Amino acid sequence: MSERVTIQSLKEMKSKRQRITMLTAYDHAFARILDDAGIDILLVGDSLGMVALGYEDTLPVTVEEMIHHTRAVARGARRAMVIADMPFMSYQVSDEKALENAGNMMKLAGAHGVKLEGGARIVELVKKMTDTGIPVMGHLGLTPQSVHQFGGYGLQATDTKEAKSLLEDSLKLEEAGAFAIVLEKIPAELADLVTARLTIPTIGIGAGPACDGQVLVTHDLLGMFEKFVPKFVKRYANLKVVIDQAVKSYIDDVRADIFPSAEHSYRMEKGVLEDLMEAIDEDLRKA
Ligand code: KIV
């Protein structure tokens, strides 16, 4: 096993222009597979609300759900850094509550850091968290917890004012101690500019090729989540079709008495069945 990915190794990757890879994971099995494949960061994203829990958006996800899933992922990650999303309203009510919730993502769930959505409004909190020893990944651009404020999942920072504000937010987050920033669904030119200005890595999703790293929702990449597929998703497999075929074959085999065959069955030791039958007969005679 190679060494655990750390904040320092990510910074080094940026300086050497080695791309950082990040994918979402919500359970142990996927964490093991992605970690074995060599992914650098496993993000227990609050997208788990839609992908794993069937919610309409990320808003209903609770701290308890995040801890439950992060624990499973952390147990499967041997090399990858594990980052847990702070769900909606787990860091907005008070800094004290936010610190406690973030601390529990590390203490109880085993995350190596947390991810928070937002710019200027969370800068003070990010500083408090990083001063406390909680590594923070920022998230700018399309921040899905603000879906109702945005009125949908559209492209962000499209005009000069918004683009400038995003650049300023990224610099403030870096100054506050964030170790990396996710840039979601913003024009590629802006992501390029932000990436060049920051000393910490940017991780893009729908933010073009200039970011220091890339992240996707694993179920999108594997073709396992079809509710909506954004333009920025590249599908590397269509596992829904593969799973569908496998499950249909299983159903057919069970219905046709093909499965389980002798190959998948266990047999009694020689003589055990005869002895059992005799014992049953004896019991019947006595009754
Ligand atoms: O929740 C999530 O999966 C995310 C990524 C898409 C960046 O925040």
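Here the residue index of a chain counts from 1 through its sequence in written order. Reporting of local features is limited, given that this is a predicted model, to residues whose pLDDT is at least 70; pairs of side-chain atoms are given and counted only at 80 or more, and all residues count toward the totals for whole chains, interfaces and linings. To obtain the side-chain values, all non-hydrogen atoms of the structure were included, while hydrogens and water were left out.

> Before we move on, can you summarise the overall build of the protein with the specific residues and values?
In DSSP terms, a helix is any run of H or I states spanning at least four residues, a strand is any run of E spanning at least two, and both are numbered starting from the N terminus. The number of helices and strands found in the protein is 12 helices and 8 strands. Here the C-alpha atoms of the protein give a radius of gyration of 24 Å, more than 25% beyond the 19 Å that 2.2 N^0.38 yields for 287 residues. Dimensions of the protein along its principal axes, counting C-alpha atoms only, are 90 × 40 × 40 Å. Relative accessible area decides the class of each residue, using a 1.4 Å probe on protein chains only: under 20% of the type maximum gives buried, over 50% gives exposed, and in between gives partly exposed. Counting only residues that meet the buried cut, the protein has 46% of its 287 residues in that class. Asp and Glu are treated as the negative residues and Lys and Arg as the positive ones, with His and the ends of the chain left uncounted. Here the site of a charge means NZ on Lys, CZ on Arg, CG on Asp, or CD on Glu. Here the protein contributes 33 positive and 42 negative side-chain charges, whose respective centroids are spaced 5 Å apart. Each radius of gyration reported is based on C-alpha atoms, and the globular scaling rule is 2.2 Å times the count of residues to the power 0.38.

> Describe the packing of helix α2 (residues 28–37) against helix α4 (residues 63–76), and please don't skip the residues or the numbers.
Where α2 meets α4, the axes come as close as 7 Å, and the angle between the chain directions of the two elements is 35°. Judged by the sense of rotation from one axis to the other, the crossing of α2 with α4 is right-handed. Each of His28, Ala31, Arg32 and Asp35 in α2 lies in contact with α4, whose residues at this interface are Ala72, Val73, Arg75 and Gly76. Basically, the charged four are Asp, Glu, Lys and Arg, the nonpolar ten are Ala, Val, Leu, Ile, Met, Phe, Trp, Tyr, Cys and Pro, and anything else, Gly included, counts as polar. Residues belonging to the contact of α2 with α4 are distributed by class as follows: 3 nonpolar, 2 polar and 3 charged. Lines are fitted to the C-alpha atoms to define the axes, a helix being fitted only along its stretch in contact, and any angle between axes, read from their N-to-C directions, falls within 0 to 180 degrees. A crossing counts as left-handed when the near helix is turned anticlockwise from the far one by less than a right angle, and as right-handed when that turn is clockwise. Between two residues, a contact is recorded if the distance between any of their heavy atoms is within 4.5 Å.

> Outline the domain arrangement of the protein, supporting the account with residue identities and numerical values.
Delimitation of the domains relies on an automatic or database domain assignment. Along its sequence, the protein is organised into domain 1 (7–241) and domain 2 (245–286). If you average the C-alpha positions of domain 1 and of domain 2, the two centres end up 50 Å apart.

> Got a sec to walk through the sheet that holds strand β3 (residues 81–85)? Specific residues and values, please.
DSSP-based pairing: two strands are paired if at least 2 bridges between them are found. Overall, parallel pairing links the 8 strands, which are arranged β1-β2-β3-β4-β5-β6-β7-β8 in a closed barrel. Between one strand and the next, the sheet's axes are offset by a mean angle of 25°, whatever the strand orientation.

> So, the pairing of strand β5 (residues 136–141): which residues are in play, and what are the values?
Within β5, 6 of the 6 residues are buried, leaving the element largely enclosed by the surrounding structure. Judged from the 4 bridges that link them, strand β4 (residues 113–117) and β5 form a sheet pairing that is parallel. Paired with glutamate 117 across the strands is histidine 139, a residue of β5. Consider the strands pointing away from the viewer: the crossover is right-handed when the path from the first strand over the helix to the second runs clockwise. Crossover handedness for the path β4 to helix α6 (residues 123–132) to β5: right-handed. Sheet topology note: the β5/strand β6 (residues 180–184) ladder contains 5 bridges and is parallel. Opposite leucine 140, over in β6, you have leucine 183 as the bridge partner.

> Go over the nonpolar core with me, naming the residues and quoting the values.
Ranked by internal contacts, the top residues of the largest apolar core, which has 61 residues, are Leu42, Met105, Val114, Leu116, Met129 and Leu183. A total of 5 residues in this core trace back to one element, the largest contributor, which is helix α8 (residues 160–176). Not counting the four nearest positions on each side in its chain, valine 114 is found in contact with Ile83, Ala84, Met86, Ala102, Met105, Met129, Ile134, Pro135, Val136 and Met137. As used here, the term nonpolar core means buried Ala, Val, Leu, Ile, Met, Phe, Trp, Tyr and Cys residues forming a set that is joined through side-chain atoms within 4.5 Å. One finds Val5, Met13, Met22 and Val215 within the second-largest nonpolar core, a separate group that totals 16 residues.

> Account for the pattern of salt bridges, with residues named and values stated.
Any Lys or Arg side-chain nitrogen located within 4 Å of an Asp or Glu carboxyl oxygen qualifies as a salt bridge. With the rule as written, the count across this model stands at 11 salt bridges. Among the ionic pairs, lysine 14 bridges to aspartate 212, the shortest N-O distance being 2.8 Å. Separated by 198 residues along the polypeptide, lysine 14 in helix α1 (residues 7–15) and aspartate 212 in the loop between β7 (202–205) and β8 (213–216) bring together distant segments of the chain. The pair lysine 14 / aspartate 212 is uniform in exposure class, with both members buried. Glutamate 168 is paired through a salt bridge with lysine 164; the nearest N and O atoms lie 2.8 Å apart. One end of the pair, glutamate 168, and the other, lysine 164, are both in helix α8, 4 residues apart, so they sit about a helical turn from each other. Given a relative accessible area of 52%, lysine 164 falls into the exposed group.

> Got a sec to walk through the site of the ligand? Specific residues and values, please.
Here a residue is near a molecule or strand as soon as one of its heavy atoms is found within 4 Å of it. Close contacts around the ligand come from Thr24, Leu43, Gly45, Asp46, Ser47, Asp85, Lys115, His139 and Ile205, and that covers them all. In the model, an oxygen atom of the ligand is placed 3.1 Å from a nitrogen or oxygen of the aspartate 85 side chain. A class-by-class count of the residues in the shell around the ligand yields 2 nonpolar, 4 polar and 3 charged. For the purposes of these results, a polar contact is taken to be a pair of N or O atoms within 3.5 Å, where, inside protein, one atom must be able to donate a hydrogen and its partner to accept one; residues adjacent in sequence count only when each atom of the pair is a side-chain atom.

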